[in-house]
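# Descriptive analysis of the structure
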Amino acid sequence: MRPPAERAAQAGRVPRFGRAERWVHRATSGLMLVCLVTAAFLYYPPLSELVGRRRLVTAVHEWCGLLLPAPLLLGLASRALRADLTRLNRFTPLDRAWLRAVRRRSYRRPAGKFNAGQKLYAAWTAGAVLVMLGTGLLMWFTHLAPLVWRTGATFVHDWLAVAVAVVVGGHIWMAVRDPEARRGMRTGSVDPLWAAREHPDWEPPDHRPPGPGAQEARHSR
């Protein structure tokens, strides 16, 4: 069987994400959604009244939160995932130009494989997960810290959960508006026209251009 990158190239599509990146995204998204839903049932009074087994919901919330970093840690075995993390961690002049273009509401936004918005979202999410994990552990294991620490951890955990829900909701809303981006995360490949429009400075190493005519057309824009 041909590898996914070769099949995508022959089908006229651009390979974007490998299997490891897609499964890490799916597993992390699933755990995050479970955490948010269970948190809503635990802390929002109208929903709390619907829960008959609160202890079970609490246990699911705690264990999903504890396992939240696990998909990424396991995915580090993938070279492709590590390469993507390196890209996400580097803020380049292209990213500053992308932010200026967004501020000016320009449709010409330079971007590599990931644009500046995606990098900021990834950095914010990683930081939020670490803070949520730390404060959650203080709330779960009450003997780890004095009462004043646990009170502060509860305050930070609860309000940061609200912020995470808002940011994740915005991420889902943007994904709903971009079916090709969702398809890229689902199948691993994207349409070359979408890639040229949304990530014009990204050059996929495994993508073979369809022909000299397409290259000339791209350089003449």
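Calculation notes
Residues numbered from 1 in each chain as written. Predicted model: local features only at pLDDT ≥ 70, side-chain atom pairs only at ≥ 80, totals over all residues. Heavy atoms only, no water. Helix = DSSP H or I, 4+ residues; strand = E, 2+ residues; numbered from the N terminus. Buried < 20%, exposed > 50% of the residue type's maximum accessible area, 1.4 Å probe, protein only. Contact = heavy atoms within 4.5 Å. Areas by Shrake-Rupley, 256 points an atom, 1.4 Å probe, with all protein chains shown as cover. Patch = residues over 30% accessible without salt bridge, like charges linked within 9 Å, V, L, I, M, F, W, Y side chains within 5 Å. Salt bridge = Lys/Arg side-chain N within 4 Å of Asp/Glu carboxyl O. Arc of directions from axis to C-beta. pLDDT = per-residue confidence, 0-100. Polar contact = N/O pair within 3.5 Å; in protein donor to acceptor, adjacent residues only side chain to side chain.

### Considerations on the overall build of the protein
Looking only at helices and strands, one finds 12 helices and two strands in the protein. Listing the helices and strands of the protein from first to last along the sequence gives α-β-α-α-α-α-α-α-α-α-α-β-α-α. Looking at the protein residue by residue over its 221 residues, the buried ones come to 29%. Counting only contacts in the protein whose residues sit at least 6 apart along the sequence, the fraction spanning at least 24 positions is 66%. Split by element, the accessible area of the protein, about 14,700 Å² in all, is 64% carbon and sulfur.

### Notes on the environment of Leu74
Mapping Leu74 onto the fold places it in helix 5 (residues 70–75). Taking the C-alpha atoms as reference points, Leu74 and Ala20, separated by 54 residues in sequence, lie 9.3 Å from one another.

### Things to note about a nonpolar patch on the surface
Nonpolar side chains collect at one region of the surface, where Val131, Phe155, Val156, Trp159, Val162 and Val166 lie side by side and expose about 600 Å² of accessible area between them. Counting residues per element, the nonpolar patch draws most heavily on helix 9 (residues 147–177), at five residues. Relative to the elements of secondary structure, Trp159 occurs in helix 9. Under the relative-accessibility criterion, Trp159 is labelled exposed at 56%.

### Structural notes on the pattern of salt bridges
Summed over the entire model, instances satisfying the criterion amount to five salt bridges. Residue Lys113 pairs with Asp84 through a salt bridge whose shortest N-O separation is 3.0 Å. Note that Lys113 is positioned in the loop between helix 7 (93–103) and helix 8 (116–140) and Asp84 in helix 6 (residues 79–88), a separation of 29 residues in sequence. Assigned by exposure class, Lys113 and Asp84 land together as buried. Ionic pairing is found between Glu198 and Arg197, a salt bridge with its closest N-O pair at 3.2 Å. Judged by its relative accessible area of 30%, Glu198 is partly exposed. Salt bridges sharing common partners tie together Asp84, Arg87 and Lys113.

### Side note on helix 7
The set of residues buried in helix 7 consists of Asp95, Ala97, Trp98 and Ala101. Summarising the axial view, the buried residues of helix 7 lie within an arc of 160 degrees, below the 170-degree limit, and thus occupy one face. In helix 7, those exposed residues whose orientation departs by more than 90 degrees from the buried face are Pro93 and Arg103. For helix 7, the elements touching its buried residues are helix 8. Where helix 7 ends, the next residue or the one after it, Arg105, has phi of about 60 degrees, a positive value.

### A few points about the confidence of the model for the protein
A low pLDDT score tells you not to read the predicted coordinates there in detail. Of the residues in the protein, 87% reach a pLDDT of 70 or more, and the chain-wide mean stands at 86. Mean pLDDT across the secondary structure elements of the protein bottoms out at helix 12 (residues 212–219), with 38, and peaks at helix 5, with 96. Here residues 5–10 is modelled with pLDDT under 50, and outside its nearest four sequence neighbours on either side it reaches 12 contacts, counting other chains as well. Within the model, pLDDT remains below 50 along residues 208–221, and this stretch shows seven contacts once partners closer than five positions in the same chain are excluded.

### Describing unusual backbone geometry
One non-glycine residue, Arg105, adopts positive backbone phi at about 60 degrees. Position of Arg105 among the secondary structure elements: in the loop between helix 7 and helix 8. Taking the relative accessible area as the measure of exposure, Arg105 reaches 72% and is therefore exposed.

### Overview of the side chain of Asn115
In this fold, Asn115 is placed in the loop between helix 7 and helix 8. A polar side-chain atom of Asn115 sits 3.0 Å from the main-chain amide nitrogen of Gly117. Polar side-chain contacts of Asn115 include one of 2.8 Å to the backbone nitrogen of Gln118. What Asn115 contacts, discounting residues up to four positions off in sequence, is Asp95, Trp98 and His199.

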